Amino acid sequence: MLTDSLRDRGVALAVEAFDADALLGGKFDRNEVTLEIAPSRINSVCGYLKYDQKFVRLSSVTAVDRHPAEPRFEVVYHLHSVERKLRVRLKCRLAGHDPSIESVTSVWRSANWYEREVFDLFGIRFTGHPDLRRIMLPDEWEGHPLRKDSPITGSRV
Amino acid sequence: MSDATLPPIIAADQAEPQSPTGARRMVLNMGPQHPSTHGVLRLVIELDGETVVKCQPEIGYLHTGIEKEFEVKTYQQAVTLTDRVDYLSPLSMNLGYCLAAEKLLALEIPPQAQWMRVMLTELTRLNSHLVWLGTHALDIGAMSVFLYCFREREEILKIFEMFSGQRMMTSYFRIGGLALEPPRGWGQRVKKFIDVFPSRIDEYENLLTNNRIWMGRTKGVGAISIEDMLDLGVTGPMLRAAGMKMDARKDEPYSSYELFDFDVPTRTENDVFARYQVRVEEMRQSTRIVRQAMDGMPAGPWKADAPHVVLPDREKMKTQMEALIYHFKIVTEGFRVPEGEVYQVIESPRGELGFYVVSDGTAHPYRVHMRTPSFGNLQATSRMVEGTLIADVIASIGSMDFVLGDTDR
């Protein structure tokens, strides 16, 4: 489903042609393309964008917590095509209970640490990740500090 | 989420070293307090004799939760946090964040502020490359280069102090322009430095470029293919030393970089020596940019005409009621930023620096994510050093030029 602002964006049209069900929406705002992708299709869409649309680089993976709204989490991917000098943002929304999404490490190896960071700080699990463990915090740490319901100060009693 | 759903935790140092030939392998912990890791990086290295079989970098020792801290600061206060991420190029961090926030606010930045930003960011690049060159040479055994580099770095820090009052944590770029009016006499000070600096680069090159030990330690060491680097998230001088001309200053110009005449140096040898050559040439190019910015500095205002964002002049506050009100409102509650999200990329001395800023329409950033170059570059460590000698690990990781504050945030 293509919103009006995306009608003349090549990459949005290409993703729609590739898999119309995977594209849930998106926008073209402040010169940046955001595509909302169905979480179950993220791996195949990323593979398509990398190999057929020349987005050879995964610039970063991160997440946003929209607590208390539902679906609570947004996993955000920034892709970069060096050849086309183009960037695109992919976004997947996940429910707050036991959030989990397919890993894209099989598409870009750089996703390894980015996904570990999101797992560590947001508690989102990436299925199929080769080495999913905490990266920033100690292994025995409890909780996920970048969640909005995690306090900024104070310590556990 | 309860912890029962988490996968089992395997510490890197608990893995049993196994060798197909039956030879005993040794697991060596390099860091987190090793001097040549430039901070608190820990490398768990599995050795077969002197050969590295496996190398696993462990990071997080310098994690400060700075991205969480952004969420409770106002937009303008958060500028001071960015300095502390990559403390060797604080002005690049300032610039990336300010550009992202200005994109959300749709602010027009006056030419003088843009040019001043370019000039100071390039001086920061010099500062960062000087620290890199000095410490990298020190690791490999060339002690004196360090002293030469820090002599020039001192001059750059004095220039920063002149502008902002601070040597390292400058926070000189603010959303909407600069923090203070450029100081009187900045031109002569920068000119004095820039006039001698090229001859100082020649001095470093005299010490190193044809030095047999330096060549022996760096040539043919630390190779990694372009495909691997792109796939693993490596950016910056490492990519350019392999022949790939990727530089955000040229590809996605920001802050009027498109008006400056400079080259992006590349090499094709793709080893530690080539990375050294690329960074030395980048210092010469940065000097060119600084000179152009200094000579052609446009006159006019140094902050945007946006009274709801930019603090008013002291003089106006004493005479105009609105100025006083704006000052009070900006200082006490900050300014509201329209809802939206942006990803601003700049070329930091280490590579691609991306700021992903999400606004929910309030005076505090809803989420700030920093895509820092050191984090991306460090992922390639294993690929680069596995199969090489333990002594080359020092040269290889030195050539990556990472800052652990930048990695761990």
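These figures come from a predicted structure and were not determined experimentally. Starting from 1, residues in each chain are numbered consecutively following that chain's sequence as written. Written order determines the labels here, with chains lettered from A and ligands numbered from 1. Two thresholds apply to this predicted model, a pLDDT of at least 70 for residue-level local features and 80 or more for giving and counting side-chain atom pairs, whereas whole-chain, interface and lining totals are computed over all residues.

1. Re the overall build of chain B
Then, number 1: Helix numbers and strand numbers start at the N terminus; a helix is a DSSP run of H or I with at least 4 residues, a strand a run of E with at least 2. Scanning chain B for helices and strands turns up 17 helices and eight strands.
Then, number 2: Relative to the compact-globule value of 22 Å for 409 residues, chain B shows a C-alpha radius of gyration of 23 Å, a close match.
Then, number 3: For the C-alpha atoms alone, the extent of chain B along its principal axes is close to 85 × 60 × 30 Å.
Then, number 4: The buried share of chain B, reckoned over its 409 residues, is 48%.
Then, number 5: Residue pairs qualify as contacts under a 7 Å threshold applied to their C-beta atoms, which are placed from the backbone. Residue pairs at least 24 apart in sequence account for 69% of intrachain contacts in chain B once pairs closer than 6 positions are excluded. Only the C-alpha atoms count toward the radius of gyration. The rule for a globule is 2.2 Å times the residue count to the power 0.38. Whether a residue is buried, exposed or partly exposed follows from its count of other C-beta atoms within 10 Å of its own C-beta, namely 20 or more, 12 or fewer, or something in between, respectively; the C-beta atoms are built from the backbone.

2. Description of the overall build of chain A
Then, number 1: Each helix and strand in chain A was counted, giving three helices and seven strands.
Then, number 2: Mapped in sequence order, the helices and strands of chain A form the string α-β-β-α-β-β-β-β-α-β.
Then, number 3: Its C-alpha atoms give chain A a radius of gyration of 16 Å, within 12% of the compact-globule value 15 Å for 157 residues.
Then, number 4: Based on the C-alpha atoms only, the size of chain A along its principal axes is roughly 55 × 30 × 25 Å.
Then, number 5: Looking at chain A as a whole, 45% of its 157 residues qualify as buried.
Then, number 6: The contacts in chain A between residues at least 6 apart in sequence include a share of 45% that link residues at least 24 apart.

3. Quick notes on the interface of chain B and chain A
Then, number 1: Each partner contributes to the interface: chain B provides 36 residues, whereas chain A provides 33 residues.
Then, number 2: The nonpolar class holds Ala, Val, Leu, Ile, Met, Phe, Trp, Tyr, Cys and Pro. Asp, Glu, Lys and Arg form the charged class, and all remaining residues, Gly among them, are polar. By residue class, the composition of the side of chain B that touches chain A is 15 nonpolar, 10 polar and 11 charged.

4. Topic: the sheet that holds strand 5 (residues 86-94) of chain A
Sheet strands pair via backbone hydrogen bonds, and the direction of the pair is either parallel or antiparallel.
Residue and element names in this part refer to chain A.
Then, number 1: A strand pair is defined by DSSP finding two or more bridges across the two strands. One open sheet holds the five strands; their spatial order is 1-2-5-4-3, and the pairing between them is mixed. Single-partner strands in this sheet number two, and they are strand 1 (23-29) and strand 3 (57-65). Averaged over all adjacent pairs, the angle separating strand axes in this sheet is 20°, with direction ignored.
Then, number 2: As paired elements, strand 2 (residues 32-37) and strand 5 share four bridges and run parallel to each other. Counterpart to Val33 in the pairing with strand 5 is Val88. Note on geometry: axes are C-alpha line fits, over the in-contact stretch for helices, and angles between N-to-C directions span 0 to 180 degrees.

5. As for the packing of helix 5 (residues 143-164) of chain B against helix 6 (residues 186-208) of chain B
Residue and element names in this part refer to chain B.
Then, number 1: Where helix 5 contacts helix 6, the two axes come as close as 11 Å, and the packing angle between them is 165°. As far as their axial angle goes, helix 6 and helix 5 are roughly antiparallel. In the packing of helix 5 onto helix 6, the handedness of the crossing is left-handed. Contacts between helix 5 and helix 6 involve Ser144, Val145, Tyr148, Cys149, Glu152, Glu155, Ile159, Met162 and Phe163 from the former and Trp186, Arg189, Val190, Phe193, Phe197, Arg200, Glu203, Tyr204, Leu207 and Leu208 from the latter.
Then, number 2: A class-by-class count of the residues in the contact of helix 5 with helix 6 yields 13 nonpolar, one polar and five charged. Here roughly perpendicular refers to angles of 65 to 115 degrees, roughly parallel to angles under 35, roughly antiparallel to angles over 145, and oblique to all remaining angles. A crossing counts as left-handed when the near helix is turned anticlockwise from the far one by less than a right angle, and as right-handed when that turn is clockwise.

6. Focus: the pairing of strand 3 (residues 51-58) of chain B
Then, number 1: As paired elements, strand 2 (residues 42-48) of chain B and strand 3 of chain B share seven bridges and run antiparallel to each other. Among the inter-strand pairings, Ile45 of chain B is bridged to a residue of strand 3 of chain B, identified as Cys55 of chain B.

7. Things to note about helix 13 (residues 321-333) of chain B
Then, number 1: A rise of 1.5 Å per residue sets the reference length of helix 13 of chain B, with its 13 residues, at 18 Å; its end C-alpha atoms lie 18 Å apart and thus fit the reference within 8%.
Then, number 2: Immediately beyond the C-terminal end of helix 13 of chain B, within one or two residues, lies Gly334 of chain B, with a positive phi of roughly 75°. Here the expected length of a helix is defined as 1.5 Å per residue gap, with one fewer gap than residues.

8. A closer look at the nonpolar core
Then, number 1: Here, a nonpolar core denotes buried Ala, Val, Leu, Ile, Met, Phe, Trp, Tyr and Cys residues that are linked to one another through C-beta atoms within 7 Å. Counting residues in each nonpolar core, the largest one holds 149 residues, and the members touching the most others are Val75, Val118 and Ile124 of chain A together with Ala101, Met229 and Val357 of chain B.
Then, number 2: It is helix 4 (residues 111-140) of chain B that provides the largest number of residues to this core, a total of 14 residues.

9. Description of the sheet that holds strand 6 (residues 340-348) of chain B
Residue and element names in this part refer to chain B.
Then, number 1: An order of 6-7-8 is seen for the three strands of this open sheet, with the pairing classed as antiparallel. Each having just a single partner strand, strand 6 and strand 8 (367-371) make up the two edges of the open sheet. Strand-to-strand twist of the sheet, defined as the mean angle between neighbouring strand axes without regard to direction, takes the value 15°.
Then, number 2: Bridge analysis of strand 6 against strand 7 (residues 351-359) gives nine bridges, and the strand direction is antiparallel. Within strand 7, the position partnered with Val342 by the bridge is Val357.

10. Regarding the pairing of strand 3 of chain A
All names here are of chain A.
Then, number 1: In terms of burial, strand 3 is largely enclosed, as nine of its nine residues are buried.
Then, number 2: Relative to strand 4 (residues 73-81), strand 3 runs antiparallel, the two sharing eight bridges. Across the sheet, the residue bridging to Thr62 is Val76, located in strand 4.

11. Focus on the environment of Thr80 of chain B
Residues and elements named next belong to chain B.
Then, number 1: Topologically, Thr80 is positioned in helix 2 (residues 79-83).
Then, number 2: Given 15 C-beta atoms within a 10 Å radius, Thr80 is considered partly exposed.
Then, number 3: A sequence separation of 92 residues divides Thr80 from Tyr172, and the C-alpha atoms of the two residues are 9.1 Å apart.

12. Observations concerning helix 16 (residues 390-400) of chain B
Residue and element names in this part refer to chain B.
Then, number 1: Extensive coverage of helix 16 is indicated by the burial of nine of its 11 residues.
Then, number 2: Buried within helix 16 are the following residues: Asp392, Val393, Ile394, Ala395, Ser396, Ile397, Gly398, Ser399 and Met400.
Then, number 3: Positive backbone phi, at 55°, marks Asp401, one or two positions downstream of helix 16.

13. Here we look at the confidence of the model for chain B
Interpretation of this model should avoid reading the predicted coordinates in detail wherever pLDDT is low.
Residue and element names in this part refer to chain B.
Then, number 1: Per-residue pLDDT for chain B has a mean of 87; in total, 94% of the residues score no lower than 70.
Then, number 2: Per-residue confidence from the predictor is reported as pLDDT, which spans 0 to 100. The weakest mean pLDDT in chain B belongs to strand 1 (residues 26-30) at 84; the strongest belongs to strand 7 at 93.
Then, number 3: This model gives residues 1-13 a pLDDT under 50, and the stretch forms 16 contacts once residues within four places in sequence are excluded.
Then, number 4: At the level of chain-chain contacts, confidence expressed as ipTM amounts to 0.90, with global pTM at 0.89.

14. Topic: unusual backbone geometry
Then, number 1: Following His67 of chain A, the chain continues to Pro68 of chain A via a peptide bond in cis, the omega torsion being 5°.
Then, number 2: Take Pro68 of chain A: it is sitting in the loop between strand 3 and strand 4.
Then, number 3: Although it is not a glycine, Asn31 of chain A sits at a positive phi angle of roughly 65°.
Then, number 4: Note that Asn31 of chain A resides in the loop between strand 1 and strand 2.
Then, number 5: A positive phi angle is found at Asp401 of chain B, which is not glycine, with a value near 55°.
Then, number 6: Here Asp401 of chain B lies in the loop between helix 16 and helix 17 (404-408).

15. A look at the packing of helix 4 of chain B against helix 11 (residues 272-295) of chain B
To characterise two packed helices, one gives the angle between the axes of the helices and the distance between these axes.
All names here are of chain B.
Then, number 1: Packing of helix 4 against helix 11 brings their axes to within 9 Å, and their N-to-C directions diverge by 155°. The orientation of helix 4 with respect to helix 11, classified from their angle, is roughly antiparallel. Helix 4 and helix 11 meet at a crossing whose hand is left-handed. Listed contacts from helix 11 to Trp115, Val118, Met119, Glu122, Leu123, Arg125, Leu126, His129, Trp132 and Leu133 of helix 4 are Arg279, Glu282, Met283, Ser286, Ile289, Val290, Ala293 and Met294.
Then, number 2: Of the residues that constitute the contact of helix 4 with helix 11, the class distribution is 12 nonpolar, two polar and four charged.

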